[in-house]
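Notes for the structure review
Read off the chains here:
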Amino acid sequence: MDKVRLGSQGAVVSRMGLGCMGMSEFYGARDDAESAATLLRALDLGVTFLDTADMYGIGDNEELVGRTIKPRRDEVFLATKFGNVRKKDDPSYWAISGRPEYVKQACNDSLKRLGLDHIDLYYQHRVDPDTPIEDTVGAMAELVKAGKVRYLGLSEASAATIRRAHRVHPITALQSEYSLWSRDVEHDILPTLRELGIAFVAYSPLGRGFLTGAITKPTDLDSGDARSQRFPRFAGAAFDQNLTLVERVKAIAARKGVTAGQLALAWVLAQGDDVVPIPGTKRRKYLEENAAAAAVRLQTVEVAELSAAVPTDAVAGERYSEASMKTIDR
C-alpha cells in the first residue's frame, strides 16, 4: 500500500484507510473478535490509517481499536473524533458540542478509552452552531501544544467554516462523505481545501455498501441495520432507482475485471492523491477486496464514463434523514 501526504503539515498516511464505525454499531450485529482480526489484517496489508470516533458504540469502538492496535501502535496513524455527544445510559440522546471545555474533556476521555498517550488526527465530528469555530479550534490547538494531539481535522464543515478554522490553527484534513453517488463536495469544498493545502478524507466511498452491488433488496440488510431506517437512499422507491445506477457500475466493473466496489473505490482514488478514502468494514474478506482497489488504475476516459453512469441528479434520496441533513455543511 502506497503512502501519501495528508495535508501540508507533514502527516503521511496509507493511500487508503479503514473506517471502524460499523465494527461497533449501526451496520448489524457486532463480532469483536472478527473486527479485531480485521484491524490486524489491515496493518499487515499496509492499511495503517484507522478512523474511529467517540460516538461509535458510545465509546466501545475506541476501546476495541485501542486494545487491538496497542502492540503495534507505531505502525498506526490513528484518527478519532469528538462533537457528537451521546450517553451510555440513554443511547437515544444525541447532541452536538464544540464548547472548549467539552473539547478538552472529550479528548481526555478518548485517550483513556484508547489506552494511548496521543491521537494522530483529531476531528470535530460535526460543527456546533452555538459555539464559534474559532473557540472550538482554539481549544483543539491547545491539545496540540499539550502533545495530546498531532494534527487537527474537521468533518462535514462548510467552506466558510473551514477557512475560519484554518486561520486559528492549520487544519490537516476535512472528512466528509464522497463517492460516485455523493459528490456535493466537488463544487466548493474540494477547491477550498486545495487552495489551503488541506487533504480530503472520504468516508462512505462505497455509498454505505450500496455501490458494492451486494445489496440488491432491502431484506439483504439485518433488522438492526441503520441503513434501512435512517438513510433515505435505502428505502422505498429510492432503493429501486439507485439499484439501477449500481447495475451500471457492475457492468463497467465486469468489463474491467474488478468488482463493483473496487471500481467505485478506484474512482475516488482517481480524484487525486489528496483524496484518501476510508471504506469501512468489520470483515477481513471485504477489507482485502477493498485494499486491492488501490492497485486498480483508471484511464481518464474510464473515470468520465463512471461519472456519467452515475450522474448526481439521478441519485434518489438525501444522504441522511431531514434532521441529520441540518448538521452538515455548517
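The name an unreviewed UniProt entry gives the chain is Aldo/keto reductase, with Gemmata algarum as the organism.

This part covers unusual backbone geometry. Across residues other than glycine, the phi torsion is negative in most instances, and most of the peptide bonds are trans. Positive phi values are uncommon outside glycine, yet S204 reaches one of about 50 degrees. Taking relative accessible area as the criterion, S204 reaches 15% and is therefore assigned buried. Backbone geometry at R208 places phi at a positive 55 degrees, although glycine is not the residue there. As for its position among the elements, R208 is in the loop between strand 11 (199-203) and helix 7 (227-230).

This paragraph deals with the UniProt feature "domain: NADP-dependent oxidoreductase" (unreviewed entry) in the chain. In the UniProt entry, the feature "domain: NADP-dependent oxidoreductase" (unreviewed entry) is given for residues 15-309. A helix fraction of 42% and a strand fraction of 17% characterise residues 15-309, whose end C-alpha atoms lie 25 Å from each other.

For sheets, the rule is that strands pair by backbone hydrogen bonds, running either parallel or antiparallel. As summarised here, the arrangement of the 8 strands in space is 3-4-5-8-9-10-11-12, forming an open sheet in which the pairing is parallel. The sheet is open, and its two borders are formed by strand 3 (17-19) and strand 12 (275-277), each paired with just one other strand. Shown here is a sheet whose adjacent strand axes are inclined to one another by a mean of 25 degrees, direction ignored. Strand contacts of helix 3 (residues 100-114): strand 5 (77-82), strand 8 (119-124) and strand 9 (149-155), with the helix running at about 135 degrees to strand 8, the strand carrying the most contacts.

This next bit is on the nonpolar core. As a rule of thumb, soluble globular proteins bury nonpolar side chains together. Grouped together as the largest cluster of nonpolar side chains are 112 residues, with contacts concentrated most on L6 and F49. In terms of residue count, helix 9 (residues 260-269) provides more of this core than any other element does, 8 residues in total. In this view, L6 contacts A11, V12, V13, F49, F77, L121, T172, A173, A199, V201 and V276; residues no more than four positions away in its chain are not counted.

On the surface, D184, D188, E318 and D329 cluster together to form a negatively charged patch. The residue D184 is located in the loop between strand 10 (173-177) and helix 6 (189-196) in this model.

Turning our attention to helix 3. Spacing of three or four residues puts side chains on the same side of an α-helix, whose turn is 3.6 residues. Helix length check: helix 3 (15 residues) gives 21 Å between terminal C-alpha atoms against 21 Å at 1.5 Å per residue, within 8%. Of all the residues in helix 3, the buried ones are Y102, V103, A106, C107, S110, L111 and L114. With its buried residues spanning 165 degrees around the axis, helix 3 presents them on a single face. Each element contacted by the buried residues of helix 3 is listed here: helix 2 (60-69), strand 5, strand 6 (84-87), strand 8, helix 4 (133-145) and strand 9. At the C-terminal side of helix 3, G115 shows a positive phi close to 70 degrees.

In this section: the pattern of salt bridges. If you walk through the whole model with that rule in mind, you get 28 salt bridges. Here R72 ties to D44 by a salt bridge, and the two come within 3.0 Å at their closest N and O atoms. Residue R72 is found in the loop between helix 2 and strand 5, and its partner D44 is found in helix 1 (residues 32-44); the two are separated by 28 residues along the sequence. A relative accessible area of 48% places D44 in the partly exposed class. In this structure, E142 and K104 form a salt bridge, with 2.6 Å as the shortest nitrogen-oxygen distance. In this pair, E142 is assigned in helix 4 and K104 in helix 3, connecting sequence segments 38 residues apart.

Cut-offs and rules
- Just so you know, the residues in each chain are numbered from 1, in the order the chain's sequence is written.
- The model is predicted, so local features are restricted to residues of pLDDT at least 70 and side-chain atom pairs to those at 80 or more, both for listing and for counting; the totals for chains, interfaces and linings are taken over all residues.
- To get the side-chain values, all heavy atoms of the structure are used, and hydrogens and water are removed first.
- Only protein chains enter the accessibility calculation, which uses a 1.4 Å probe; a residue whose area is less than 20% of its type maximum is buried, one above 50% is exposed, and one in between is partly exposed.
- Comment: elements are numbered from the N terminus, with helices defined as DSSP H or I runs of at least four residues and strands as E runs of at least two.
- UniProt positions are given in the numbering used here, feature names are shortened, and annotations may be inferred rather than shown by experiment.
- Pairing between strands is defined by DSSP: at least two bridges between the two strands are required.
- Note on method: axes are straight lines fitted to C-alpha atoms, helices fitted across the in-contact stretch only, with angles between N-to-C directions ranging 0 to 180 degrees.
- Residues count as neighbours in contact if any of their non-hydrogen atoms are within 4.5 Å of one another.
- Remark: nonpolar core denotes a set of buried residues (Ala, Val, Leu, Ile, Met, Phe, Trp, Tyr, Cys) joined through side-chain atoms within 4.5 Å.
- Each patch groups residues whose relative accessible area exceeds 30% and which form no salt bridge, using 9 Å between like charges and 5 Å between nonpolar side chains of Val, Leu, Ile, Met, Phe, Trp and Tyr.
- With residues, only the protein chains shown are counted as cover, and all accessible areas are computed by Shrake-Rupley using a 1.4 Å probe.
- Each reported salt bridge corresponds to a side-chain nitrogen of Lys or Arg within 4 Å of a carboxyl oxygen of Asp or Glu.
- Neither His nor the chain ends contribute to the count of charged residues, in which Lys and Arg are positive and Asp and Glu negative.
- For this purpose, a charge sits on NZ of Lys, CZ of Arg, CG of Asp or CD of Glu.
- Expected span of a helix: the number of residues minus one, times 1.5 Å.
- Note that the arc is computed from the directions linking the helix axis to the C-beta atoms.

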